[in-house]
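# Structural overview for review
One letter stands for each residue in the lines below.
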Amino acid sequence: QMQLVESGGGLVQAGGSLRLSCAASGSLFSINAMGWYRQAPGKQRELVATITSGGSTNYADSVKGRFTLSRDNAKNTVYLQMNSLKPEDTAVYYCNADATLWGSYYANTYWGQGTQVTVSS
């Protein structure tokens, strides 16, 4: 079993900051990558930022220079520091993990339930 617990969403004014966290728990053998995706109303879910087990990061062009993804491997947790927030950042943010569980040969993709981020103008 695998669970992703998200926190840190909320309402903030444009130019403000929020910090999202996502903690993975369960019978984990390894986590290959973790990150965040977001989905605005009427739009497809899109990548925000991901980080691999080797520490490589990938950011959407729209958030580069404003968002920073970090990890705490000991806690199986990732953090998304969001600065200079814009109204267009408003979306439900979903934590994502690519992980292998004990007893499994192959990795699977897991999703959190989502946390709302609303940026007012």
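Scroll up a little and you will see the structure.
Since we're looking at a predicted model, the values are computed, not measured.

### With respect to the packing of aromatic side chains
Tallied over the entire structure, the rule returns three aromatic pairs. Consider the rings of F29 and W102, whose centres lie 4.8 Å apart with planes at 80°: the pair is edge-to-face. A residue pair is termed long-range when its members are at least 10 positions apart, and F29 in strand 4 (residues 28–39) and W102 in the loop between strand 9 (91–101) and strand 10 (108–111) qualify at 73 residues. Here F29 matches W102 in class, with each residue exposed. Ring geometry for Y37 and W111: centres 5.1 Å apart, planes at 70°, overall edge-to-face. Separated by 74 residues along the polypeptide, Y37 in strand 4 and W111 in strand 10 bring together distant segments of the chain. You can call W111 partly exposed: its relative accessible area is 39%. Positioned above the aromatic ring of Y94, the side-chain terminus of R45 is 3.7 Å from the ring centre. The lysine or arginine in question, R45, covers the ring of W111, its NZ or CZ lying 4.6 Å from the ring centre.

### With respect to the nonpolar core
Note that soluble globular proteins tend to have their nonpolar side chains buried in a common cluster. Ranked by size, the top nonpolar core spans 32 residues in total, and within it M2, L4, M34, W36, L80, M82 and Y93 carry the most contacts. Broken down by secondary-structure element, the contributors of at least two residues to this core are strand 1 (2–7), strand 3 (18–26), strand 4, strand 5 (46–52), strand 7 (67–72), strand 8 (77–82), strand 9 and strand 11 (115–120). A per-element tally of this core places strand 9 first, with six residues. Contact partners of L4, with chain neighbours within four places excluded, come to C22, A23, A24, M34, C95, N96, A97, Y110, W111 and G112.

### Some points on the state of the cysteines
Simply put, disulfide is the name for a covalent bond between the sulfur atoms of two cysteines. The full count for this structure, using the stated rule, is one disulfide. Sulfur-sulfur distance for the disulfide between C22 and C95 comes to 1.9 Å. Its S-S torsion of approximately -85° makes the covalent link between C22 and C95 left-handed. Separated by 73 residues along the polypeptide, C22 in strand 3 and C95 in strand 9 bring together distant segments of the chain.

### Side note on the sheet that holds strand 3
Overall, antiparallel pairing links the four strands, which are arranged 1-3-8-7 in an open sheet. Sheet topology places strand 1 and strand 7 at the edges, where each strand pairs with a single neighbour. Shown here is a sheet whose adjacent strand axes are inclined to one another by a mean of 15°, direction ignored. With six bridges connecting them, strand 7 and strand 8 associate as antiparallel partners. Of the residues in strand 8, the one forming a bridge with L69 is L80.

### Re the pairing of strand 9
Burial analysis of strand 9 places nine of its eleven residues in the buried class, which makes it a mostly covered element. Summarising the sheet, strand 4 and strand 9 pair through ten bridges and their orientation is antiparallel. Paired with Y37 across the strands is Y94, a residue of strand 9. Examined bridge by bridge, strand 9 and strand 11 share three bridges and lie antiparallel to one another. Each residue of the ladder has a partner; that of Y93, found in strand 11, is T115. Strand direction decides the pairing type here: strand 9 and strand 10, joined by four bridges, are antiparallel. Looking at the pairing, D98 lines up with T109 of strand 10.

The rules behind each value
- Residues numbered from 1 in each chain as written.
- Predicted model: local features only at pLDDT ≥ 70, side-chain atom pairs only at ≥ 80, totals over all residues.
- Heavy atoms only, no water.
- Phe/Tyr/Trp six-rings, centres within 6.5 Å; stacked < 30°, edge-to-face > 60°.
- Helix = DSSP H or I, 4+ residues; strand = E, 2+ residues; numbered from the N terminus.
- Buried < 20%, exposed > 50% of the residue type's maximum accessible area, 1.4 Å probe, protein only.
- Lys NZ or Arg CZ within 6 Å of the ring centre and 35° of its normal.
- Core = buried A, V, L, I, M, F, W, Y, C linked by side-chain atoms within 4.5 Å.
- Contact = heavy atoms within 4.5 Å.
- Disulfide = S-S within 2.5 Å.
- Pairing = 2+ DSSP bridges.
- Axes fitted to C-alpha atoms, helices over the stretch in contact; angles between N-to-C directions.

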